[in-house]
Structures are given as structure tokens and as C-alpha cells.
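Residues per chain are reported as follows:
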Amino acid sequence: MLDAAALQLAFNPTVPQTQMRVTLRAGFNCLRDLAHEEGIAYDPDPLPEDPIELTYEEFLEGVVRMRERGVTMARDPEQAWPHFRGWRVNYEAVAYALAYRIDAVPAPWSGPRRRGGGPVEVPTPVDRKPAEG
């Protein structure tokens, strides 16, 4: 959910942003609360330019999937990347640490796990609409 909100803000700066910003703020604050309880260190005030583990190439793979599904993108990926990275830096390290700690099912963009194996791809169902009548 956090990546979806960050992607929306990064690619579509002219659409209303309040809901996406609230989603991101609530999400990374929740993750930080969990990190505090679990003794996981994190930077409470990262800079938008700080590094993240997700690579630009992985980001571009996500962009391809978004395009295949008809997602609107006002910015091109090169323009959107610094904005997306600037949001993700607030939650990525904590999300990765928590996912590793609980050994969550691996998913794209979700960091390493204790057990081997790559991300589990979830197929997107066909968008079937009821017949009008």
C-alpha cells in the first residue's frame, strides 16, 4: 500500500494528494512504532536523496507492469524516480527488517528473507465486468 501511494504521488503530481500523503504518513509511522517495539534502528528523518535498496532497474520493471495495466503516469519514470525514492526512504529499511524478522512470504520490492527463494508472483485476475442488461 505504501509503494502504491508513493508511486501515485511520484507519477501524478497534479492529482489530489491528501489521501496518498495520509496513507504514507500513517504507514511509515506504524512501521516505525513496530520498529521501536522490536528494537529495530531506523533514521527518523531521512533525506529524500538517501539511498534505498530498491534499484532503479527494479523500479522500471514495476513501471512496465503499471503500463500493462493502464496506470496513468503524467511523469516519465526518470522524472518520477527521485520522488518515489524520496517517499520510500521513509519506510523501506523498517519494512525490510520487519519482513525479514517474521520471514514473511517474499514479494517483489519487499527485501530479503531468511529462507531462500525468490519473490512469489501473484497473478493479476482478469477484470471481468458483469453483462449489462
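Everything below is about the structure shown above.
Worth saying up front: this structure is predicted, and the values here are computed from it rather than measured.

Rules and cut-offs
Throughout, a residue's number is its position along its own chain's written sequence, starting from 1. Where local features are concerned, this predicted model is filtered to residues with pLDDT of at least 70; where side-chain atom pairs are given and counted, the filter is 80 or more; whole-chain, interface and lining totals use all residues. Side-chain metrics in this entry use all non-hydrogen atoms of the structure; hydrogen atoms and water are not considered. Going along the chain from the N terminus, every DSSP run of H or I of four or more residues is numbered as a helix, and every run of E of two or more is numbered as a strand. The classification of residues rests on relative accessible area computed with a 1.4 Å probe and restricted to protein chains. Under 20% of the type maximum is buried, over 50% is exposed, and intermediate values are partly exposed. Throughout, a residue-residue contact means that at least one pair of heavy atoms, one from each residue, lies within 4.5 Å. What sets the accessible areas is the Shrake-Rupley method with a 1.4 Å probe; for residues, cover comes only from the shown protein chains. Each Phe, Tyr or Trp ring, with Trp reduced to its six-membered ring, pairs with another whose centre is within 6.5 Å; inter-plane angles below 30 degrees give stacked pairs, above 60 give edge-to-face pairs, and intermediate values give tilted ones. For the purpose of charge, His is not counted, nor are the chain termini; Lys and Arg are scored as positive and Asp and Glu as negative. Salt bridge, as used here: a side-chain nitrogen of Lys or Arg that lies within 4 Å of a carboxyl oxygen of Asp or Glu. In this description, a nonpolar core means a group of buried Ala, Val, Leu, Ile, Met, Phe, Trp, Tyr and Cys residues linked to one another through side-chain atoms lying within 4.5 Å. Structural elements are reduced to axes, namely lines fitted to C-alpha atoms, with helices fitted over the stretch in contact, and the angle between N-to-C directions of any two is expressed from 0 to 180 degrees. The sense of a crossing depends on the near helix, which, turned anticlockwise from the far helix by less than a right angle, makes the crossing left-handed and, turned clockwise, makes it right-handed. Basically, the charged four are Asp, Glu, Lys and Arg, the nonpolar ten are Ala, Val, Leu, Ile, Met, Phe, Trp, Tyr, Cys and Pro, and anything else, Gly included, counts as polar.

Participant: Would you mind showing me how to read the overall build of the chain here?
Facilitator: The helix and strand tally for the chain stands at five helices and zero strands. When the elements of the chain are put in sequence order from the N terminus, they spell out α-α-α-α-α. Residues counted as buried form 35% of the 133 residues belonging to the chain. Excluding contacts between residues fewer than 6 apart, the proportion of contacts in the chain whose partners are at least 24 apart in sequence is 59%. Working note: accessible area of the chain is about 8,900 Å², and carbon and sulfur atoms make up 56% of it.

Participant: Whenever I open this one, the packing of aromatic side chains confuses me. Can you help?
Facilitator: All chains considered together, the criterion is met by six aromatic pairs. Seen in terms of ring centroids, Phe59 and Trp81 are 4.9 Å apart; in terms of plane orientation they differ by 55 degrees. Their pairing is tilted. A residue pair is termed long-range when its members are at least 10 positions apart, and Phe59 in helix α3 (residues 56–68) and Trp81 in helix α4 (residues 77–88) qualify at 22 residues. Note on Phe59: relative accessible area 0%, which makes it buried. Ring pairing ties together the aromatic residues Phe11, Tyr56, Phe59, Trp81 and Phe84, which thus form one cluster.

Participant: Help me understand the side chain of Arg85 in this model?
Facilitator: Locating Arg85 in the fold gives a position in helix α4. Comment: no salt bridge for buried Arg85; closest opposite-charge side chain is Glu49, at 5.9 Å.

Participant: I keep staring at the nonpolar core and nothing clicks. Help me out?
Facilitator: Soluble globular proteins tend to bury their nonpolar side chains together. Counting 27 residues, the largest nonpolar core has Phe11, Leu24, Phe59, Phe84 and Tyr91 as the members making the most contacts within it. Counting residues per element, the ones that place at least two in this core are α1 (2–11), α2 (18–38), α3, α4 and α5 (92–102). Broken down by element, the residue count for this core peaks at seven residues, all from α1. Aside from chain neighbours lying at most four places away, what touches Tyr91 is Leu2, Asp3, Ala6, Leu24, Phe28, Leu31 and Phe84.

Participant: Looking at this model, I keep getting lost on α1. Mind explaining?
Facilitator: Since one α-helical turn is 3.6 residues long, residues separated by three or four positions face the same way. For α1, a buried count of eight out of 10 residues is recorded, marking the element as mostly surrounded by other parts of the structure. Buried-residue contacts for α1 involve α2, α3 and α4.

Participant: Sorry, what's going on with α5 here?
Facilitator: For α5, the complete set of buried residues consists of Glu92, Val94, Tyr96, Leu98 and Ala99. For α5, the secondary structure elements touched by its buried residues are α2 and α4. Positive backbone phi, at 55 degrees, marks Asp103, one or two positions downstream of α5.

Participant: How do you make sense of the environment of Pro51 when you look at a structure like this?
Facilitator: Take Pro51: it is sitting in the loop between α2 and α3. Separated by 37 residues in the primary sequence, Pro51 and Arg88 place their C-alpha atoms 9.8 Å from one another.

Participant: Could you clarify how one ought to interpret the packing of α3 against α4 in this entry?
Facilitator: A pair of packed helices can be characterised by two numbers: the angle between their axes and the separation between those axes. In contact at an axis separation of 11 Å, α3 and α4 are set at 115 degrees when each is read in the N-to-C sense. Every pair of crossing elements has a handedness; the one defined by α3 and α4 is right-handed. Side by side, α3 and α4 meet where Tyr56, Phe59, Leu60, Val63 and Arg67 of the first sit next to Pro77, Glu78, Ala80, Trp81 and Phe84 of the second. A breakdown of the residues in the contact of α3 with α4 according to their chemical character gives eight nonpolar, no polar and two charged.

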